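Commentary on secondary and tertiary structure
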Amino acid sequence: MWSFFSRDQSKDFPYEIGEQVHGLESKSIWSLHRGKKKNTTDEQLVSVFVYDIKSGSDTKLEILRHSIKKLKTLRHPCLLQFLDSLETDKVLYVATELVEPLGTYIEHLDMGSPQKDLYLAWGIFQVTRGLSFLNNDGNLRHNNVSSWSVYVNTCGEWKLGGLEYVSPIDGNPMPPVKVPPSLEVYDPPEKNDPSKLKSVTKCSTDMWGLGCLVWESYNGPLKSSTNLQNIKNIPKSLAPLYCELVGANPSSRPNPADIITKCRKPDGFFKNDLVDTLLFLEEIQIKDKAEKLRFFNSITAQLDNFPKSVCKHKILPQLITAYEYGDAGSAILPPMFKLGNLLDEAEYQKRIVPCVVKLFTSTDRVTRARLLNTLVHFVGHLQPQVVNEQIFPNVAHGFLDTNPYIRDQTIESIIHLAPKLNYNNLNVEVLRHFARLQAKDDQGGIRTNTTVCLGNIAKHLHPQVRQRVLVSAFMRAIKDTFPPARGAGVLALATTQQYFLLSEVANRILPALCTLTVDPDKTVRDHTFKTLRGFLGKLERVSEDPSLRERMEADVHTATPSLGNAAATWAGWAMTTVTAKFYRSQSDSSRPPSQRHLTKTLSKPASLEHPSSSSLSTTTSSVTSMTSLEHESNETTSVSASDYGNEYWDNENWGDMDTSQDPSSPNAVESAPASTSNNLAAGNLLDLRDGWDNEEWGSLEEEPNEESVDIKEDLPKDPKEVSNELNNHNNISPTSNNSNTNWGNDTWGDGEFEPINEETFTGNPKIDEARRKREEKKMQRQRELEVLRATRGPLKLGAKKL
């Protein structure tokens, strides 16, 4: 029993007492400390007001007990929030929300003039609302209004505290005697002139204190009541009201409710963007959809003028709540992502990322379009696991969307997502969609953008997939009927030149580019000539110095190519970022050249930036705008939802990706027995065909002992016929045994995109030996062919085989 009475009862207080907050010592009976809640995983920070009973007096103790009673029973958003209290025979504790005194907060307030004016107006407005609640609703007088009875929380909100001297309005009108004596500077003049007590109103004493608070907000702590006559720093819009607040006659001081009404009118002191924004968010649940849309569309531009603490701790949480529990819609995304930049990484992962993941599951087109447009602002905060498992599966739906704008934005989003995608999502799923879009999409701009995006993400692709796909994809692009698509293919070849073997450059790329030297579009021809000169210069340097070959091809099999190699392989040309080449269109033929325009980015050698009289400007008009998306979303909700239904995606036929069943082709590895498929995979992927064997260009792999070898027959019979064929997409006749020239099918490589075991291509002695033997065999065939040509002597130009 004795142990029960002798134990320290302060241990029952659920909050730990921390360091003291200085500045309040001479202005309050309390001492203010920081604290945190005990035994919780989520550290909840609080403020703890402490009073040492043994060193104090009974009078002070009664005053503080009275204040605790009022703090418990009076609840209002503008009053200090009470959490818990404890009284022992030694000490008195009161826990509240985390705050600091306004008197010390204003001293280190670091804001620009416009931002500070908005913030002070919001703070004074909150105190006025709190006093209106006490005077008009609670029939109470505060009797202690000053910068030391007002506290600022983490959200930057001003909370009215210091309730030690609260009294009913029907009691003694004489202002109470305050402890400590330094607070007497805030007493109204009627305290020293009893004749004026007859004209005291229920709010006159508190309005005098509000006037003192206004003066201190712009001038610092009040030293003497005579300083109130100096109104130089008081805003002009507030000066007339301030003079009424500190008037000598108590009856002339206004009611706080009247102050709010008057100052909330146009051009009033409380009528500004910050006050309007915060009041709207407080009442957002009762606003209609049109009002919310107008508000969210306008708030983004205003956020730069608001204090960061208010934006981070007040506005952002209310925006998130409005989205989760209301019908705010996609308009809330821009301000929410902008405010998210104020958070540290841990807070961003906790507060913003869950909202982003939820937003990507939306079937609303406007929401998806806004997400894709703003992806660059938050993609850096997304973890690769979240991107691959929760975000990319929803993004991929956009590749098959019936709205061209969504497809276009989905393609562009891959540029930002590619560094975080895993092997299968990037090298299998993305390329599968890209192949189909480039081959079958009816929008020329989307086909163009697919090529541009592929050029941008090439550095993230697996080296073996990259070597198999890039040339085929870009050669398909340069045979497109849409001129900007052909231009994009040329520029993409120039941009990704470090990923091509020199044999590919000579046997596949240069012959294909030569056909574009007579392209009907002048811009395509200009870029073609510049790119050709670049590739020829590269080959010429290697011809003069064969030791450069290894350095030129250093990045072909490298997962993370170096910028140095990229520059060196262009014969010393520096790589730069140039004008954007994203094209958007609704039709290849419905728009005249005069209506076309240019957007987005693509990098290419600096040599391609030489002054030219023309530029890639033959693009079509932009695809569906955001306005039309909103209209479509409102009127065709059922259609939008069905576009993303499971049944839509399951019916997509991906079998067309496997375009070659020739046993000799690399696709044969897919039908090979399981025991041999691993051995065949690497060799087949590296066995690249030049794609021109069946177009009368001959082959370097001819047997020298065949009687039918004739070099002249390997040349085109008529260059005009070849040019016409390549310029007319409809006249191309791909052969059945070479999938690389089969431009009509939605595939780029020699087989369907299947997951590849990356370990198969790294450090495998069998693969290295097979590669070495193939290279030796090819070089042997070239030497034998050269000997055969030397024995026949030089060919005469114009000679014809009989």
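Remember, it's a predicted structure, so these values are computed and weren't measured experimentally.

**Side note on the sheet that holds strand E1 (residues 15-20)**
The strand order E1-E2-E3-E5-E4 describes an open sheet built from five strands, whose pairing is antiparallel. Lying at the two open borders of the sheet, with one neighbouring strand each, are E1 and strand E4 (82-87). If you compare each strand with its neighbour and ignore which way they point, the axes differ by 30° on average. Bridge count between E1 and strand E2 (residues 31-37): four bridges; the pairing is antiparallel. Directly across from Tyr 15, in E2, lies its bridge partner Lys 37.

**As for the environment of Ser 47**
Tracing the backbone shows Ser 47 in strand E3 (residues 45-52). Exposure remark for Ser 47: the relative accessible area of 1% places this residue in the buried category. A sequence separation of 48 residues divides Ser 47 from Ala 95, and the C-alpha atoms of the two residues are 5.7 Å apart. Ignoring sequence-local partners within four residues, the contact set of Ser 47 consists of Leu 32, His 33, Val 94, Ala 95, Thr 96, Glu 97, Leu 98 and Val 99.

**Looking at the sheet that holds strand E6 (residues 99-101)**
Whenever strands of a sheet pair, they do so through backbone hydrogen bonds, lying parallel or antiparallel. Spatial strand order, E6-E8-E9: three strands in an open sheet with antiparallel pairing. Pairing within the sheet leaves two strands with one partner each, and these edge strands are E6 and strand E9 (158-160). The sheet shows a mean angle of 40° between the axes of neighbouring strands, direction not considered. Across three bridges, the pairing between strand E8 (residues 150-153) and E9 is antiparallel.

**Re the pairing of E8**
Residues Val 150 and Val 152 of E8 are buried on one face, and the alternating residues Tyr 151 and Asn 153, pointing to the opposite face, are buried as well. Taken together, the three bridges between E6 and E8 define a ladder with antiparallel strand orientation. Bridge pairing in E8 places Val 99 opposite Asn 153. Counted along the chain from E8 to the antiparallel partner E9, the turn is four residues long, and its residue Gly 156 has a positive phi close to 85°.

**A word on helix H19 (residues 444-457)**
With 14 residues, H19 extends 20 Å between its outermost C-alpha atoms, agreeing within 8% with the 20 Å of an ideal straight helix rising 1.5 Å per residue. The buried fraction of H19 amounts to 14 of the 14 residues, a majority that puts the element mostly inside the structure.

**Section: the packing of aromatic side chains**
For the structure shown, the criterion picks out 14 aromatic pairs. Aromatic pair Trp 30 and Phe 49: ring centres 6.1 Å apart, planes at 70°, arrangement edge-to-face. Taken together, the positions of Trp 30 in the loop between E1 and E2 and Phe 49 in strand E3 put the pair 19 residues apart, joining distant regions of the chain. Each member of the pair, Trp 30 as well as Phe 49, is classed as buried. Taking the centre distance of 5.2 Å and the plane angle of 70° together, the rings of Phe 125 and Phe 270 count as edge-to-face. With Phe 125 in helix H4 (residues 113-137) and Phe 270 in the loop between helix H7 (256-263) and helix H8 (273-282), this pair connects stretches of sequence that are 145 residues apart. Summarising the burial analysis for this pair, Phe 125 and Phe 270 share the class buried. Through pairs of rings, three or more aromatic residues link up here, namely Trp 122, Phe 125, Phe 269 and Phe 270.

**Some thoughts on the confidence of the model for the protein chain**
Averaged over every residue, the pLDDT of the protein chain is 76; the share at 70 or more is 71%. Within the protein chain, strand E11 (residues 575-582) has the poorest average pLDDT of any element, 29, and E9 the best, 96. Segment residues 1-6 is flagged for pLDDT under 50; beyond a separation of four residues in sequence, or across chains, it makes zero contacts in the model. Between residues 562-628, whose pLDDT stays under 50, and residues either more than four places distant or in other chains, the model counts 191 contacts.

**Points about the environment of Asp 519**
The topology assignment puts Asp 519 in the loop between helix H22 (502-514) and helix H23 (522-544). For Asp 519, a relative accessible area of 1% corresponds to the buried category. When the C-alpha positions of Asp 519 and Ile 478 are compared, they lie 10.0 Å apart, and in sequence the two are 41 residues distant. In terms of polar contacts, Asp 519 uses its side chain to reach the backbone amide nitrogen of Asp 521, at 2.8 Å.

**Quick look at helix H9 (residues 289-302)**
Between its first and last C-alpha, H9 extends 20 Å over 14 residues, near the 20 Å set by a 1.5 Å rise per residue. Looking at H9, one finds that the buried residues are Lys 292, Phe 295, Phe 296, Ile 299 and Gln 302. In this structure, the buried residues of H9 make contact with H8, helix H10 (308-325) and helix H11 (333-340).

**Describing unusual backbone geometry**
The peptide bond linking Val 179 to Pro 180 adopts the cis configuration, its omega dihedral lying at 5°. Mapped onto the fold, Pro 180 is located in the loop between strand E10 (167-168) and helix H5 (204-219). With phi around 50°, Asn 139 is a residue other than glycine that occupies positive phi space. Residue placement: Asn 139 occurs in the loop between H4 and strand E7 (140-141). With a phi angle near 70°, Asp 267 is a residue other than glycine that sits in the positive phi range.

Cut-off values and rules
Residues numbered from 1 in each chain as written. Predicted model: local features only at pLDDT ≥ 70, side-chain atom pairs only at ≥ 80, totals over all residues. Heavy atoms only, no water. Pairing = 2+ DSSP bridges. Helix = DSSP H or I, 4+ residues; strand = E, 2+ residues; numbered from the N terminus. Axes fitted to C-alpha atoms, helices over the stretch in contact; angles between N-to-C directions. Buried < 20%, exposed > 50% of the residue type's maximum accessible area, 1.4 Å probe, protein only. Contact = heavy atoms within 4.5 Å. Expected span 1.5 Å × (residues − 1). Phe/Tyr/Trp six-rings, centres within 6.5 Å; stacked < 30°, edge-to-face > 60°. pLDDT = per-residue confidence, 0-100. Polar contact = N/O pair within 3.5 Å; in protein donor to acceptor, adjacent residues only side chain to side chain.

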